Amino acid sequence: MSEPTRKVIHCDCDCFYAAVEMRDDPRLRGRPLAVGGRAETRGVIATCNYEARAFGVHSAMPTARALQLCPQLILLPPDFERYREASRRILAIYRDYTPLVEPLSLDEAYLDVTGVERCRGSASLMAQEIRSRIHHEVGITASAGIAPNKFIAKVASDWNKPNGQFVVRPQDVDAFVAALPVKKIFGVGKVTAAKLNRLGVNTCGDLRAWSVADLTHEFGSFGASLHHLCRGIDERPVQPDRVRKSLSVETTYTPDLHDLDACRAGLLALLEDFRRRFERARDRPPVHKAFVKVRFSDFSRTTAECVSSAPDDAVWLRLLAEAHGRKALPVRLLGVGVRFAEDEGEAAPAQISLFDSAPAAAATDATDCPGVRHG
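All values reported here derive from a predicted model rather than from experimental measurement.

Participant: Could you give me a rundown of helix α11 (residues 222–229), with the residues and numbers involved?
Facilitator: Within α11, the full set of buried residues consists of G223, L226, H227 and L229. Buried residues in α11 make contact with α6 (150–157), α7 (173–178), α9 (204–207) and α10 (212–219).

Participant: Break down the packing of helix α1 (residues 16–24) against helix α4 (residues 80–95) for me, with residues and values.
Facilitator: Geometry of a packed helix pair, given as the angle between the helix axes and the separation of the axes. As a packed pair, α1 and α4 sit with axes 10 Å apart at the nearest point and diverge in direction by 100 degrees. In terms of orientation, α1 lies roughly perpendicular with respect to α4. Residues F16, Y17, V20, E21, R23 and D24 of α1 form the contact with α4, whose participating residues are F80, R82, Y83, A86, S87, R89 and I90. Taken together, the residues that form the contact of α1 with α4 break down as seven nonpolar, one polar and five charged.

Participant: Which residues make up the sheet that holds strand β8 (residues 165–167), and what values do they have?
Facilitator: With mixed pairing, five strands are arranged side by side in an open sheet as β5-β6-β1-β7-β8. Whereas interior strands pair on both sides, the edge strands pair on one side only; in this sheet they are β5 (101–105) and β8. The mean inter-strand angle of the sheet, taken between neighbouring strand axes irrespective of direction, is 15 degrees. The pairing of strand β7 (residues 142–147) with β8 spans three bridges and is classified as parallel. Following the sheet pairing, A144 is matched in β8 by Q165. Its contacts with the sheet place α4 against β1 (8–13), β5 and β6 (108–112), and it is angled at close to 155 degrees to β5.

Participant: Before we move on, can you summarise the pairing of β1 with the specific residues and values?
Facilitator: With six of six residues buried, β1 is to be regarded as a mostly interior element. Sheet topology places β1 next to β7; six bridges connect them, and they run antiparallel. Across the sheet, the residue bridging to H10 is G145, located in β7. Of the pairings in the sheet, the one linking β1 to β6 comprises five bridges and is antiparallel in character. Counted as the bridge partner of D12 is E108 from β6.

Quick notes on the rules
Residues numbered from 1 in each chain as written. Predicted model: local features only at pLDDT ≥ 70, side-chain atom pairs only at ≥ 80, totals over all residues. Heavy atoms only, no water. Buried < 20%, exposed > 50% of the residue type's maximum accessible area, 1.4 Å probe, protein only. Helix = DSSP H or I, 4+ residues; strand = E, 2+ residues; numbered from the N terminus. Contact = heavy atoms within 4.5 Å. Axes fitted to C-alpha atoms, helices over the stretch in contact; angles between N-to-C directions. Parallel < 35°, antiparallel > 145°, perpendicular 65-115°, else oblique. Nonpolar A, V, L, I, M, F, W, Y, C, P; charged D, E, K, R; others polar. Pairing = 2+ DSSP bridges.

As far as function goes, none of this settles anything; it's purely spatial.
What follows is the structure, encoded as C-alpha cells:
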C-alpha cells in the first residue's frame, strides 16, 4: 500500500511584530509603522506594516534608509516578551490540529496534517479555521500555504498575503514550480540567484534543463538540491523536535571589503540582524561559543571561534581580527553566530542574555575567550 500524499501547511503571521503593536494600540492602525533599532545606533528594521511597505520600507533595511523613504514612519523598539506571549498562544492553536508542528521563528511554522480527520480531512479547511482562530483569539492575521511538501507550502503562503491562503494540489505542483523565479527556491540567496540569472536561468523551468553534474560543477553540493527543488521535490519531514546546534547570519559583499576597518563596519551591521534572529529563535539551548566566518576574495574560507556564554561586540570584533589576519585579503563574505551547548557540561553556570546589561565582573567572565580555534 502506497504512502498517503503529504499535506503540509505553512502558516506565517502578517507583519508579526507590527501586528502585535497595532493590536495593542489601535491608534497605530493605518499609519506607516516599523519595529526595529534606532538610526543613530545603525539599527535595522525588524518588520513593518503594509502602509510602510508602500514607501519601499522592508525588513533588514537600515533604519536610516527607511526614514529617508518614509519620514513619517513611526519607529518602535521591539518588545519580545509580548511577541513571545502571542507566539505561545498561536502555537497552542496549531497543536490542537497536529503534534507535527515545526516552529521556524516566533511568527511562522510548518504543520503536517497528513491523516488528520478534522475539517473532513481537508488541509485547506484546517488552514482557514486556524487563521480564523488566530484572528479571533490572538487579534492578528496570518496567511497560509497548503501543499504536498515544505518548500512549496512556504512559497504558497506568500501568494495571497496578507490574511489569505493558497493551495497547490499534487496535480498542480509541476506547473506551479516550473513558473517560479529561481530566487524562490529554498536556499537560493541574492548571490546564487544573480549567478543563475547570468547563466540564463530565470525560472525553475529553465533550471530543469541542467543536469545534476552541471549543477554540482557550478554550485557544489547544493547542485543536487537545486536539481530536486526545481522539480518540486522536497522530502524534508516536518520536525517538531529539532535540536538547534547553532545560529548565524552571513552576507556577501559587492564589491569586496578591502580592509579590516571596512570589515568591522560590516560586522557591526551584521550583528544587528543576528540579534534580531537570536531573539526570534525559540527554545534555544545555552550559548557555548561565538564564531566569525570569513570568505576571502580568492574564495578560501576561515572560521575563528572561542568559548563564550554571552558574547558582545568586542568578542566578535576580536574574532574578526583573528580571522582576517590569516590572509589579509579583501573579503567577499562575513558570517557571525553562536554555537549552542550540546550537553549540560558545556553550559555556563549562569547564562547571561546577549541583550541585557550585566555587571562588569560577570560580563568579563562570560565573554572570556581563552583560545581561538583555527578553521
